[in-house]
Amino acid sequence: MEEKVYRRLLILGSGPAGLTAALYAARADLSPLVLTGMIPYGQASLTNIIENYPGFPQGIGGQELGQLFEQQAVQFGAEVIYEQAEAIDLSVRPFEVKTFSTTYQTDAIILALGASHRKLGVPGERELTGRGVSYCGTCDGWFFKDKDIHVVGGGDSALEEALFLTRFAKSVTIIHRRDELRAGAILQNRAKSHPKIRFIWNSVVKEILGSEKIDGLKIENVLTGEQTTVPSEGVFVFIGHDPNSQMLNGQIELHPDGTVKIDEHMMTSVPGVFAAGEIADSHFRQVVTSAGMGAAAAIQVTHYLGDL
Ligand SMILES: Cc1cc2nc3c(=O)[nH]c(=O)nc-3n(C[C@H](O)[C@H](O)[C@H](O)COP(=O)(O)OP(=O)(O)OC[C@H]3O[C@@H](n4cnc5c(N)ncnc54)[C@H](O)[C@@H]3O)c2cc1C
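Residue positions are counted from 1 within each chain, in the order its sequence is given. Local features are withheld for residues below a pLDDT of 70 in this predicted model, meaning they are given only at 70 or higher, and side-chain atom pairs are given and counted only at 80 or more; totals for whole chains, interfaces and linings count all residues. Here the side-chain values reflect all heavy atoms present in the structure, with hydrogen atoms and water set aside.

### Side note on the environment of Gln251
Now for step 1: Here a helix means four or more residues in a row that DSSP labels H or I, a strand means two or more in a row labelled E, and each is numbered from the N terminus. Note that Gln251 resides in the loop between strand S16 (241–243) and strand S17 (273–275).
Now for step 2: Given the relative accessible area of 25%, Gln251 is considered partly exposed.
Now for step 3: Separated by 18 residues in sequence, Gln251 and Ser269 place their C-alpha atoms 8.9 Å apart.
Now for step 4: Contact definition: two residues touch when any of their heavy atoms are within 4.5 Å. Among all residues touching Gln251, those that are not within four sequence positions of it are Ile88, Asp89, Leu90, Ser91 and Val270.
Now for step 5: Each polar contact in these results corresponds to two N or O atoms within 3.5 Å; when the atoms are within protein, one needs to be able to donate a hydrogen and the other to accept it, and residues that are neighboring in sequence are counted only if both atoms are side-chain atoms. At a separation of 2.6 Å, a polar atom in the side chain of Gln251 contacts the main-chain carbonyl oxygen of Ile88.
Now for step 6: A polar atom in the side chain of Gln251 sits 2.9 Å from the backbone nitrogen of Leu90. Think of it in three bands: residues with accessible area under 20% of the maximum for their type are buried, residues over 50% are exposed, and the middle band is partly exposed, with areas taken using a 1.4 Å probe on protein chains only.

Structure (structure tokens):
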């Protein structure tokens, strides 16, 4: 028979928002249970170095920062379990969250489900994922030693990852659909002055070519419509993220971009369900802002549960 487990507070997600919420909730004696999902420590764990999280003047690895977040939350009584929420039922009280093995019942939930990388949606992408198409430089960069590779995107993540990939690749060409980058000035300067980095401006990828591995990319100039094929041995895609809110569709109010609507107290349209981090924020999207939202959500949950 399926196991049912009651916890006063469930936190879904173990990125900066979820683990900071866990720290605050643990310190408020709520004994929170965190379900990590498939990416323990969240997106931050996918990056080699984080240089803008305060308190680490030399920068800190994403995994390492996540481990410290977890250690601190657990030290005060949070429990962290490597499980994925497969269904959430907000129509019953207590709420129910189902994982592979267990149904959790809870009086309050903090949704810290974060966001997932966006795909190009072009022919060849799905077939060649893991055979030259990647969404994580830190995870896969090593496989591209001395290769000529491409990075798609023009934001902070794209440039950070392109710079990281120069450690392995012979050359890194950044394909960006505009003629200026969205990334911060420091990263832009580093990328533009790096001897291994080149740019293809005003262009989008239309197709990824190859069968067993990538041979090249078909790209289109968005100003002229001209299509060309460039040889490539790998492509890393960093073109943005979509909030992981699909499971909540129809149960909770969402913004048109899929982020969860929250009020000034971090509460969603369902009383008792709170949200923090990139699941509810498509604007700031930083470790520090997500962690801040996690702290705020946990403080509000403490008031909410205290009033029940
Ligand atoms: C390559 C890269 C580099 C970055 N570099 C920086 C940087 O230098 N500085 C900076 O400030 N920010 C950086 N960011 C952004 C930063 O990582 C995010 O803003 C931050 O991680 C968002 O935190 P979050 O907790 O809201 O969500 P996420 O980090 O997205 O975490 C979401 C969590 O939810 C879990 N989850 C998802 N679905 C389920 C489910 N069904 N059940 C249970 N759990 C689930 C996941 O496993 C994960 O643990 C970078 C992002 C990327 C991708």
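### What to know about the pairing of strand S5 (residues 95–98)
Now for step 1: In the sheet, strand S4 (residues 87–89) pairs with S5 via three bridges, with the strands oriented antiparallel. When the bridges of S5 are listed, Ala87 appears paired with Lys98.
Now for step 2: When DSSP locates at least two bridges between a pair of strands, those strands are taken to pair. Counting the residues in the hairpin turn of S4 and S5 gives five residues.
Now for step 3: Judged from the four bridges that link them, S5 and strand S6 (residues 102–111) form a sheet pairing that is antiparallel. Bridge pairing in S6 places Val97 opposite Tyr104.
Now for step 4: Here S5 folds back onto S6 in antiparallel fashion, the turn holding three residues.

### Thoughts on the pairing of strand S1 (residues 3–12)
Now for step 1: The sheet contact formed by S1 and S6 spans nine bridges and is parallel. Paired with Ile11 across the bridge in S6 is Ile110.
Now for step 2: Note that S1 and strand S2 (residues 33–35) share three bridges and pair parallel. Bridging from a neighbouring strand, Ile11 pairs with Val34 of S2.
Now for step 3: Crossover handedness for the path S1 to helix H1 (residues 16–27) to S2: right-handed. Crossovers are marked right-handed if the path from the first strand over the helix to the second runs clockwise, as seen with the strands pointing away from the viewer.

Scope: geometric values only; no functional claims are made or implied.
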